[in-house]
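A look at the structure
Here is what each chain is made of, one letter per residue.
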Amino acid sequence: MSDKHKAYDLALRDKNMYPTIAYGSAGTGKTYGAVRAAYEAMSGKRFQQIIVTRPNVSFAEKSGFLPGNEREKADPWIRPILQTMDAFCPRSLTMKWEQEGKLVFYPLEYIQGMTFDKSFIIVDEAQNITFDQLKVLLTRTGKYSKLVLCGDVAQISPKFQGSGLAQLLKMVAHFDMPVHTIEFTRDDILRSPQCKMWIEKFEDWEGVNV
C-alpha cells in the first residue's frame, strides 16, 4: 500500500464527509477502496443506503441490444461493482441489501430530480461523464452523505467525447474547494504485476516517436 492509498483511506472515512475524487491509473484500487469503505460504513450503520451510479457508456464499439427488465439491462454495468464487493461481503448480504433498498444501482440518466440523504454515493467510470452531467449528479447529494468519484481519463470510451472529470478537477482546484482529490499513478498499481507492466509500457509507448 502506497502513501496515496493511505491518503485515500483517510479521505473515504473523513468524519466531515467531504467529497472525494480518486483518479488516475487503472488497477490502483479506486473503486475497490470506495466499495469497501461503503460496505464498512453500512455495516456500522453510519449510512442508510449505498448508491452506485455509472454512465451507460460501453468501451466496445457496439454493445448490442440487452434483453430483460431494467435491472437485467443494467447488469453489465453492475457486475464490476458486485465482483468488487464479493471480496469482502457475502453475496447473500449484497442481495439482501439490494432487496431491502439499502444497495441501489441507478443509471446516470435517472438521477435528475433525486436527492440522496444519509447515503454513501459511489460514481464509477466518472471519466465518461460530461461536465453538465456531473453538475446534475453532484447536486443530488443531500444531508449526511458521502460522495466518491472514481475515474481514469486515460480510459475514456472511444464512443464518448467531452469528459467532464478533468474540468471538474480544475474547478475544485481553482476555488480551493473542500474536496479530497487523490491522483494515482502507475507506481500505485495493486491489481497484478502484469497489469502494472502493461500500463507502464502503454504509457511509455505513447511517448515514443515512431
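That block above? That's the structure.
Residues numbered from 1 in each chain as written. Predicted model: local features only at pLDDT ≥ 70, side-chain atom pairs only at ≥ 80, totals over all residues. Heavy atoms only, no water.

Considering the layout of surface pockets
Roughly 860 Å³ of volume is contained in the largest pocket. The leading source of residues in the lining of the largest pocket is helix 4 (residues 75–85), at 6 residues. Considering only residue class, the lining of the largest pocket consists of 12 nonpolar, 12 polar and 9 charged. (1 Å grid on protein atoms, 1.4 Å probe; cavity = no way out; pocket = protein on both sides within 12 Å on 5 of 7 lines; lining within 4 Å. Points joined across faces, edges and corners; volume = space filled by probe spheres on them. Helix = DSSP H or I, 4+ residues; strand = E, 2+ residues; numbered from the N terminus. Nonpolar A, V, L, I, M, F, W, Y, C, P; charged D, E, K, R; others polar.)

Re the pattern of salt bridges
Per the counting criterion, the structure on display carries 11 salt bridges. For E203, the salt bridge is made with R186, and the minimal N-O distance between the two is 3.5 Å. Placement of the pair is E203 in helix 8 (residues 193–206) and R186 in the loop between strand 6 (180–184) and helix 8, with a sequence separation of 17 residues. Residue classification places E203 among the partly exposed residues on the basis of a relative accessible area of 35%. (Salt bridge = Lys/Arg side-chain N within 4 Å of Asp/Glu carboxyl O. Buried < 20%, exposed > 50% of the residue type's maximum accessible area, 1.4 Å probe, protein only.)

Notes on the packing of aromatic side chains
Within this structure, the stated rule accounts for 7 aromatic pairs. With a centroid separation of 5.4 Å and 85 degrees between ring planes, the pair formed by Y32 and F88 is classed as edge-to-face. Taken together, the residues span a long stretch of sequence, with Y32 in helix 2 (residues 30–43) and F88 in the loop between helix 4 and helix 5 (91–99) at a distance of 56 residues. Ring centres of Y39 and F88 lie 5.5 Å apart, and the angle between their planes is 40 degrees; on these two criteria the pair is classed as tilted. In this pair, Y39 is assigned in helix 2 and F88 in the loop between helix 4 and helix 5, connecting sequence segments 49 residues apart. What links up through ring pairs into an aromatic cluster is the set Y32, Y39, F88 and W97. (Phe/Tyr/Trp six-rings, centres within 6.5 Å; stacked < 30°, edge-to-face > 60°.)

Considerations on the side chain of T28
As for its placement among the helices and strands, T28 is situated in the loop between strand 1 (20–24) and helix 2. A distance of 3.5 Å separates polar atoms of two side chains, one belonging to T28 and the other to K30. With residues near it in sequence (within four places) discarded, T28 still touches H5, F184, T185, D188, I189 and L190. (Polar contact = N/O pair within 3.5 Å; in protein donor to acceptor, adjacent residues only side chain to side chain. Contact = heavy atoms within 4.5 Å.)

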